[in-house]
Amino acid sequence: MVDSVAQIKNHRDFTLASVTEISSPSFPSSPATARFSSDGSTAELRIQHESHQIPLHVDLQAAQLFKLGPVRSVCLLEGSDTGKQTSYSKGVAIQFRNEEESDAFHCVFQKGKKKFNVQGGDLPNGTDVITSTSKFDQKIESSSAKMYFHYYGQLLHQQNMLQDYVRTGSYYAAVMENRTDFVGRVVVDVGAGSGILSLFAAQAGAKHVYAVEASEMAGYAQKLIAGNPLLGQRITVIKGKVEDVELPEKADILISEPMGTLLVNERMLESYVIARDRIHMAPFSDEYLFVEMANKSMFWQQQNYYGVDLTPLHGTAFQGYFSQPVVDAFDPRLLIAPSMFHVIDFTKIKEEELYEIDIPLRFISSVGTRVHGLACWFDVLFNGSTVQRWLTTAPGSPTTHWYQLRCVLSQPIYVMAGQEITGRLHLIAHNAQSYTIYLTLSAKSWGPGAEQGGILQTSSCKLDLKEPYYRMSQPQAYPLTQDQPLLSTEDIHIQSDDLDELMQQQPSPNSCAPIDSQMKNA
Ligand SMILES: C[S@@+](CC[C@H](N)C(=O)[O-])C[C@H]1O[C@@H](n2cnc3c(N)ncnc32)[C@H](O)[C@@H]1O
């Protein structure tokens, strides 16, 4: 149902610290540039060594790329398949300049491979088809998918979502206020869970609803729907992954709740198409949180733990705690600048654009303080043709089961009131249904003692969105002092570059975010 042809940009370049041809020791290792390119039907990688003229052409269909370390990988080329095993006659060892570039290279490599593998994979219409090489299976590690669907197969987790009244109430209101979008329409519910949104769509007058759910919850949804026969007679539950299923008829409208922590966690957004969502970001100062996190690794500072010196692992433990994004509901007074936001426009975005999300950051601090990191949350627009409704997960708003997310720097930076904070939030999707987060924040200081051009303080961190630190049980007292800013999340927002254009766009006909009529291949 989702567009099955992956696309990569026409080309993407990388600078490699060094490339060594394993199979031709006569070629010394040298710095190189790598270009991924696509001519519309095939994807190729070309590696140009600085020291030799003839570039190395890598056929992405045949090649394999393996990580040997954070900045070292090996690429095996020109495989020959005997049916029993694949042997490789050529290989190159690649040294990257940093981990971030290594991750991005692997991501583009896999994208390029996928482009080749999925083409020509037409599935017959009108039947439910389960393929062993669906798009979902290609990009998600099977152990991750198994755990994920096991989790959602349990009623207690569905109940947790149903009891988030901000979430479920917003969906109910957005559907009922926009009945005209549903009356007489064929609807598909992507990831139906308990079937609740299918039942809402039927209440709003849908002609027929297909409730697609991959986990064992499909059985429970069937039971719930059968127990509500007046609505249930217009709902069909289909157990399967949305990527694998072909509906017996074309759907007009898509409804789904695919949001994870920081909106994108779980990578379920890629399984469907909606309208506009926004990721909000703002720097924060939270000494309590920072000390709490730093103290967690104090255990490893013991020099005599049953006669054993634990300190060799202190640094690793410290970095480990700071690689966990913090999920909790925090006081918005901890924000030190108005938030900016990044729009994800699902009427335009290609699924592959969610594999790597790169957001330049710029804020003006309202106070002089220590900046401990970046706070993030999201808003979703239910863009109905009758009523538009926002679901917000902002700090200070009624709490949802998504809470907010904070990336904490292990090295805070200092800012003065009015000082500019710049940086970058770079999210790279991984095959465990989540993202690696790279955050950099910088502040430039001038004044007495500063050299010409100012002093640049920069702090970076790498986090795994899959491994958050849930901190909701910690009530915090944040007394409001006189010099503390009272920033509301409704304060002026700084817009991403392309926002003006996005905000002027009219919602597409029949669309009601997160409901969209643009079913591809449905
Ligand atoms: C966040 S829950 C929402 C459940 C329900 N729609 C609701 O609003 O209460 C997402 C559901 O989508 C299912 N899901 C996730 N990815 C899927 C996929 N690719 N195909 C089918 N179901 C999927 C999960 O098993 C889970 O039950």
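Below or above, wherever it landed, is the structure these notes cover. Predicted model only: the values in this text are computed from it and were never measured.

## Observations regarding helix 5 (residues 165–176)
Look at helix 5: 16 Å from first C-alpha to last across twelve residues, which is about the 16 Å you get at 1.5 Å a residue. Residues Arg167, Thr168, Ser170, Tyr171, Ala173, Ala174, Val175 and Met176 constitute the buried set of helix 5.

## Some details on the site of the ligand
Contacts to the ligand come from 22 residues, most closely from Arg167, Gly191, Glu213, Val242 and Glu243. With respect to the ligand, the backbone of alanine 192 contributes an N or O atom lying 3.4 Å from a nitrogen atom. One of the side-chain nitrogen or oxygen atoms of glutamate 213 is found 2.6 Å away from an oxygen atom of the ligand. Its free accessible area being 600 Å², the ligand has 99% of it covered by the protein chains.

## Some points on the packing of helix 9 (residues 287–296) against helix 10 (residues 314–322)
Relative orientation of the contacting elements helix 9 and helix 10 amounts to 140°, with a least axis distance of 8 Å. Judged by the angle between their axes, helix 9 and helix 10 are oblique. For the element pair helix 9 and helix 10, the recorded crossing hand is right-handed. Contacts between helix 9 and helix 10 involve Phe290, Met293, Ala294 and Lys296 from the first element and Phe318, Tyr321 and Phe322 from the second. Considered class by class, the residues forming the contact of helix 9 with helix 10 number six nonpolar, no polar and one charged.

## Description of a nonpolar patch on the surface
A cluster of nonpolar side chains, namely Phe299, Tyr305, Tyr306 and Val308, defines an oily patch on the protein surface of about 450 Å² accessible area. Secondary-structure assignment places valine 308 in the loop between helix 9 and helix 10.

## Some thoughts on the nonpolar core
Counting residues in hydrophobic clusters, the biggest one holds 35 residues, and the most contacted among them are Met281, Leu361, Phe363, Leu374, Leu425, Leu439 and Leu441. Ala174, Leu197, Phe378 and Val380 belong to the second-largest nonpolar core, a separate cluster that totals 31 residues.

## What to know about the sheet that holds strand 20 (residues 434–445)
Sheet strands associate in pairs through backbone hydrogen bonding, adopting either a parallel or an antiparallel arrangement. Taking strand neighbours across the sheet as the criterion, the four strands line up as 15-19-20-21 in an open arrangement whose pairing is antiparallel. The open sheet has two edge strands with one neighbour each: strand 15 (356–364) and strand 21 (455–464). Strand-to-strand twist in this sheet, taken as the mean axis angle between neighbours without regard to direction, amounts to 15°. For strand 20 and strand 21, the ladder comprises ten bridges, and the chain directions are antiparallel. The residue bridging tyrosine 438 from the neighbouring strand is lysine 462, located in strand 21.

## Focus: the environment of threonine 180
Within the element layout of this structure, threonine 180 appears in the loop between helix 5 and strand 8 (186–190). When its relative accessible area of 53% is taken as the criterion, threonine 180 is described as exposed. Considered as a pair, threonine 180 and alanine 206 are 26 residues apart in the sequence and their alpha carbons are 9.5 Å apart. Those residues in contact with threonine 180 that lie beyond four places of it in its chain are Arg185, Ser385 and Thr386. A polar contact is formed between the side chain of threonine 180 and the side chain of threonine 386, at a distance of 3.2 Å.

## Regarding the pattern of salt bridges
By the definition in use, this model includes 16 salt bridges. One salt bridge connects arginine 471 with glutamate 292, and the closest N-O pair in it is separated by 2.9 Å. With arginine 471 in the loop between strand 22 (469–470) and strand 23 (494–495) and glutamate 292 in helix 9, this pair connects stretches of sequence that are 179 residues apart. By relative accessible area, arginine 471 is classed as buried at 1%. Among the residues examined, glutamate 292 registers a relative accessible area of 18% and is labelled buried. Three or more residues are tied together by salt bridges with common partners; here these are Asp286, Glu292, Asp328, Arg406 and Arg471.

## Details of helix 9
All of the buried residues along helix 9 are Leu289, Phe290, Glu292, Met293 and Ala294. Structurally, the start of helix 9 carries an N-cap: the backbone nitrogen of tyrosine 288 is 3.3 Å from a side-chain oxygen of aspartate 286.

## Regarding the pairing of strand 20
With nine of twelve residues buried, strand 20 lies mostly within the body of the structure. The sheet contact formed by strand 19 (residues 420–430) and strand 20 spans ten bridges and is antiparallel. Looking across to strand 20, one finds that leucine 427 is bridged to isoleucine 437. Joining the antiparallel neighbours strand 19 and strand 20 is a turn of three residues, in which glutamine 433 adopts a positive phi near 60°.

Here is what the cut-offs are and how they apply
All residue numbers here refer to positions counted from 1 along the written sequence of the relevant chain. Two thresholds apply to this predicted model, a pLDDT of at least 70 for residue-level local features and 80 or more for giving and counting side-chain atom pairs, whereas whole-chain, interface and lining totals are computed over all residues. Excluded from the side-chain calculation are hydrogens and water; included are all heavy atoms of the structure. Numbering of helices and strands runs from the N terminus, with a helix taken as a DSSP run of H or I at least four residues long and a strand as a DSSP run of E at least two residues long. In this scheme, a helix's expected span is set at 1.5 Å multiplied by one less than its residue total. Think of it in three bands: with a 1.4 Å probe and only protein chains considered, a residue is buried below 20% of the maximum accessible area for its type, exposed above 50%, and partly exposed in between. By convention in these notes, a residue is near a molecule or strand provided one of its non-hydrogen atoms lies within 4 Å of it. Polar contact is defined as a pair of N or O atoms within 3.5 Å, subject to the rule that within protein one atom must be able to donate a hydrogen and the other to accept it, and that residues adjacent in sequence are counted only when both atoms are side-chain atoms. Here the open area of atoms and residues is found with the Shrake-Rupley method and a 1.4 Å probe, where only the protein chains shown may cover a residue. The axes are straight lines fitted to the C-alpha atoms, using for helices just the contacting stretch, and the angles between their N-to-C directions are given from 0 to 180°. An angle below 35 degrees is read as roughly parallel, one above 145 as roughly antiparallel, one from 65 to 115 as roughly perpendicular, and any other as oblique. Should the near helix be turned anticlockwise from the far one by less than a right angle, the crossing is left-handed, and should it be turned clockwise, the crossing is right-handed. In this description, contact between two residues means that some pair of their heavy atoms is separated by no more than 4.5 Å. Three classes are used: nonpolar for Ala, Val, Leu, Ile, Met, Phe, Trp, Tyr, Cys and Pro, charged for Asp, Glu, Lys and Arg, and polar for all others, with Gly counted as polar. By definition, no residue in a patch forms a salt bridge, and every one has over 30% relative accessible area; like charges are joined within 9 Å, nonpolar side chains (Val, Leu, Ile, Met, Phe, Trp, Tyr) within 5 Å. Just to be clear on terms, a salt bridge is a Lys or Arg side-chain nitrogen sitting within 4 Å of an Asp or Glu carboxyl oxygen. Nonpolar cores were defined as sets of buried Ala, Val, Leu, Ile, Met, Phe, Trp, Tyr and Cys residues, with membership established by side-chain atoms within 4.5 Å. Note: two strands are recorded as paired if DSSP finds a minimum of 2 bridges between them.

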